[in-house]
Amino acid sequence: RSAPTAVFSALRTLLLGNDGNPSFTLPSFIQFLSRHLHLEELSLSQYNLVRNGLFTALTFPPTIRRLTLADKAGYIKRFLSSFTHIPAHVSLFITYHRDLVGGDSALFITRGLPDPPQCYLPILSHVSSIKITGIPHYQYTFVGTSVARHGSVTPFIQFGIPFFHTRSQELANAAHVFSRSPITEVRLVGNFAMEVPSQAFRAAEWVPLLDVLPLLEHIAIEDATVGEKDARKGILKALLKPDPDGGARCPRLKRLTLWCADPPATRDRAFFMDLLPRVLQARALQDAQVEELRLLFEPVVGARSTEDRGRLVSGVETAPWRRFVNNVRVDVDFVSERLP
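Below is a short write-up of the structure. (Residues numbered from 1 in each chain as written. Predicted model: local features only at pLDDT ≥ 70, side-chain atom pairs only at ≥ 80, totals over all residues. Heavy atoms only, no water.)

## Concerning the packing of helix α5 (residues 203–210) against helix α6 (residues 231–240)
Inference 1: Contact geometry for α5 and α6: axes closest at 8 Å, N-to-C directions at 60 degrees. When the axis of α5 is compared with that of α6, the two are oblique. Judged by the twist between their axes, the crossing of α5 over α6 is right-handed. For the pair α5 and α6, contact is made by Ala203, Trp206, Val207 and Leu210 and by Gly234, Ile235, Lys237, Ala238 and Leu239, respectively.
Inference 2: A class-by-class count of the residues in the contact of α5 with α6 yields seven nonpolar, one polar and one charged. (Axes fitted to C-alpha atoms, helices over the stretch in contact; angles between N-to-C directions. Helix = DSSP H or I, 4+ residues; strand = E, 2+ residues; numbered from the N terminus. Parallel < 35°, antiparallel > 145°, perpendicular 65-115°, else oblique. Left-handed = near helix turned anticlockwise from the far one by under 90°. Contact = heavy atoms within 4.5 Å. Nonpolar A, V, L, I, M, F, W, Y, C, P; charged D, E, K, R; others polar.)

In structure tokens:
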């Protein structure tokens, strides 16, 4: 079947879904796209192009600003690898679908990315923020996008980890992807409550990622619990471990943002009396003192009374570990970025 040749001169967005009998080869498809001079957004959801031998090094269509891919990780990797590179200004949204027939259960972040990723995705050389979220168990999402801030463009990356997927290699794989990125912020956001409790983010999983982020300045754990496990503990224990040079891990780290239950609650007592003070004291003694600690307390049913607010603030301000951090902020009505 010959490829369609019609051109829509005003086309700005092209969305293509599953086609059991696609007409395009990849080179002919890219040639077709290049004839649309105003095309800005391309979305391919399990739209498999005709495979006529190896994908070749192609030039990505220059007008496209947003690329969305949803398919099996292997196909996405071949698609992205067929270009010389994906320009850094392109907002890239990738969703890996599990191959249930083939038993594709290892949906690691690197599986759908070209290798080495830094060569094909220049955005990785500019990205300054990583956001980790939870997503449905059959998908794996990797997002690279650019956000305008104060007249400049600040790229950031978000990747979602499937609810029921073991994460023993997730952060180590992320370390491979971001090893050359100027990351200054890592955020763990979203509800991981459906995870198997034993699969909480552990210190040993965080260490490989933290060790490739020498510019890290801010760590945020926002509404991140894993079953009955405390997602804060893993990353804080990782910070307590000495780095390969024997000094403080992430020596430029100046800000910590942490979700909290009420300090008097049983769930948080050990955290406030043991782990958090150990981290703050250790960093102060290693000339890597935390400049700002922000504690996030979610709204309870009904508005907090003035007395409740005062109790929270007073408890934090009088805590023995308070002297190991320069500035403490208490947010008593924090609303997390929960997934729907």
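There is more to say, and it comes next.
## As for the packing of helix α4 (residues 170–178) against α5
Inference 1: Remark: α4 packs on α5, axes separated minimally by 8 Å, with the N-to-C direction vectors making an angle of 0 degrees. One element, α4, and the other, α5, form an angle in the roughly parallel class. Here Leu171, Ala172, Ala174 and Ala175 of α4 come into contact with α5, specifically with Glu205, Trp206, Pro208 and Leu209.

## With respect to the nonpolar core
Inference 1: Judged by nonpolar contacts, the single largest core of 87 residues is most densely connected at Phe79, Phe178, Trp206, Leu293 and Trp321.
Inference 2: No other element matches the six residues that helix α7 (residues 266–285) contributes to this core.
Inference 3: Other than its neighbours up to four places away in sequence, Trp206 contacts Ile132, Leu171, Val186, Leu188, Phe201, Gly234, Ile235 and Ala238. (Core = buried A, V, L, I, M, F, W, Y, C linked by side-chain atoms within 4.5 Å. Buried < 20%, exposed > 50% of the residue type's maximum accessible area, 1.4 Å probe, protein only.)

## Observations concerning the packing of aromatic side chains
Inference 1: The full count for this structure, using the stated rule, is five aromatic pairs.
Inference 2: Residues Phe24 and Phe29 carry aromatic rings whose centres are separated by 5.3 Å and whose planes lie at 55 degrees to one another, so their mutual orientation is tilted. When sorted by exposure, Phe24 lands in the same class as Phe29, which is buried.
Inference 3: Between Phe79 and Phe83, the aromatic rings sit 5.5 Å apart at their centres with planes inclined by 65 degrees, giving edge-to-face as the arrangement. (Phe/Tyr/Trp six-rings, centres within 6.5 Å; stacked < 30°, edge-to-face > 60°.)

## What to know about the pattern of salt bridges
Inference 1: Following the criterion strictly, the structure yields nine salt bridges and no others.
Inference 2: Here Glu292 ties to Arg255 by a salt bridge, and the two come within 3.7 Å at their closest N and O atoms. Here Glu292, found in strand β13 (residues 290–297), pairs with Arg255, found in strand β12 (residues 255–260); they are 37 residues apart in sequence, far enough to count as distant.
Inference 3: Close ionic contact of Glu292 with Arg329 constitutes a salt bridge, the shortest N to O distance being 3.4 Å. Taken together, the residues span a long stretch of sequence, with Glu292 in strand β13 and Arg329 in strand β14 (residues 325–331) at a distance of 37 residues. (Salt bridge = Lys/Arg side-chain N within 4 Å of Asp/Glu carboxyl O.)

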